[in-house]
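Summary of the model geometry
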Amino acid sequence: MTLLSESLTTFVSAHDRRRPGVRAAVRSIQALTLVLLLLIGIGPLYWMVKGAVSAPTELTNHPLALWPDRPRLGNFATAYTDLSVGRYLMNTFLVVGGSWFVQLFVSATAGFALSVLKPRFGKAVYGAILATMFVPYTVNMVSLFMTVIDLPLLHLNLGDTYWAIWLPAGTNGFTVLLAKQFFDALPKELFDAARVDGANTWQLLTRIVLPMSRPVLAVISLLAVMHSWKDFIWPLVALTDPEKQPISVALAQLATQAPQDQLIAAMVLAVAPPILFFAVGQKYIVAGLGFTGVKG
């Protein structure tokens, strides 16, 4: 909406905007654009909720009805218990929580080391990290799986454990790039003053850098949570035990056996947590996107 207003401001002069007809036309275009964006964004969510409370016969006979004649709100409870959506959601929270922590820890410490500590081979390491961004995710799947089932040096098999999901989550070059760019913009005088006062490396990170980096940490958290929540291929490969699989993998398996209305209700339960997460943290997330220069 902001971009539209700026575009209209560019093409319509200040003198023309004072004319009642032009002003009304601009406002009408803005209103129609807002309604269109709402339909594009909220429309699929509304249609999914509508399908979740509709009987299978209504989905088949009246697929374009705006709302079912007899809503079946009990589908959510049925999906939560009978389809074991509750257990799959708990598994997902475990997967997402561990992946978020590992990715945030690695991104913050790696960005801090490259930006503030500046090791001797820092540029080479930074270049190697950036190079990983050009390698497709699926290309690494085989080598990653071989590493997980036989961890180098320790010779541990992490298959069918959440560690197989958590540890690879830290290897995200993009979030390291975001953290480093943000840390580069912090005043160097603060670090020099802290070193003069006797602060060590850990104190520089925990008492100066991290408290000032909440915007970029919010963006990294958003990216980590959203990617981990919707990830399907790697959890399917790494977690073969159905009792440990997240909701993204479980929905694909339930699609072949669950009733259609209960399956859609399970989908609604699956998308509700990330939507709530964004709604609660949007203030920090939007501020962080502005600081890091990420465009949506």
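Everything discussed here concerns the structure shown above.
Position labels on residues start from 1 in each chain and follow its written sequence. With pLDDT at 70 or above as the cut-off, local features in this predicted model cover only qualifying residues; side-chain atom pairs require 80 or more to be listed or tallied, and sums for whole chains, interfaces and linings still use all residues. Hydrogens are left out, water is left out, and the side-chain values use all remaining heavy atoms of the structure.

Moving on: the overall build of the protein. For the protein, the count of helices and strands is 16 helices and zero strands. Burial classification: accessible surface area is computed with a 1.4 Å probe over protein chains only, and a residue below 20% of its type maximum counts as buried, one above 50% as exposed, and the rest as partly exposed. Scored against the burial criterion, the 296 residues of the protein give a buried share of 36%. Here the analysis covers contacts within the protein between residues at least 6 apart in sequence; of these, 69% occur between residues at least 24 apart. Residue burial considers only the protein chains on display, and all accessible areas are found by Shrake-Rupley using a 1.4 Å probe. With the model as given, the accessible surface of the protein reaches about 17,700 Å², and the carbon-plus-sulfur share is 69%. Helix and strand labels come from DSSP, where a helix needs a run of H or I of at least four residues and a strand needs a run of E of at least two; each type is numbered from the N terminus. In what follows, a contact means two residues having at least one pair of non-hydrogen atoms within 4.5 Å.

Let us look at the pattern of salt bridges. Think of a salt bridge as a Lys or Arg side-chain nitrogen and an Asp or Glu carboxyl oxygen that are within 4 Å of each other. Applying the stated criterion to the full structure yields four salt bridges. Between Asp184 and Lys180 there is a salt bridge; the shortest N-O distance is 2.9 Å. With Asp184 and Lys180 both in helix α10 (residues 173-184), this residue pair falls four residues apart, about one helical turn. Overall, Asp184 belongs to the partly exposed group, its relative accessible area being 32%. In this structure, Asp192 engages Arg195 in a salt bridge whose closest nitrogen and oxygen atoms are separated by 3.9 Å. Remark: Arg195 and Asp192 occur in helix α11 (residues 188-196); sequence separation between them is three residues, near one turn of the helix. With relative accessibility at 45%, the residue Asp192 sits in the partly exposed group.

Grouped burial of nonpolar side chains is what soluble globular proteins tend to show. Here, the term nonpolar core denotes a set of buried Ala, Val, Leu, Ile, Met, Phe, Trp, Tyr and Cys residues that are joined through side-chain atoms within 4.5 Å. Residues Ala79, Leu83, Val85, Ile247, Leu251 and Ala266 are the most contacted members of the largest nonpolar core, which totals 22 residues. Those elements giving two or more residues to this core turn out to be α3 (20-52), α6 (85-117), α13 (214-230), α15 (247-254) and α16 (260-292). With six residues, α16 is the largest single contributor of residues to this core. Not counting residues within four places of it along the chain, the set of residues in contact with Val85 comprises Ala79, Tyr80, Ile247, Ala266 and Leu269. Grouped together as the second largest cluster of nonpolar side chains are 19 residues, Leu178, Leu205, Ile208 and Val209 included.

Everything listed is a geometric property; what it means functionally is a separate question.
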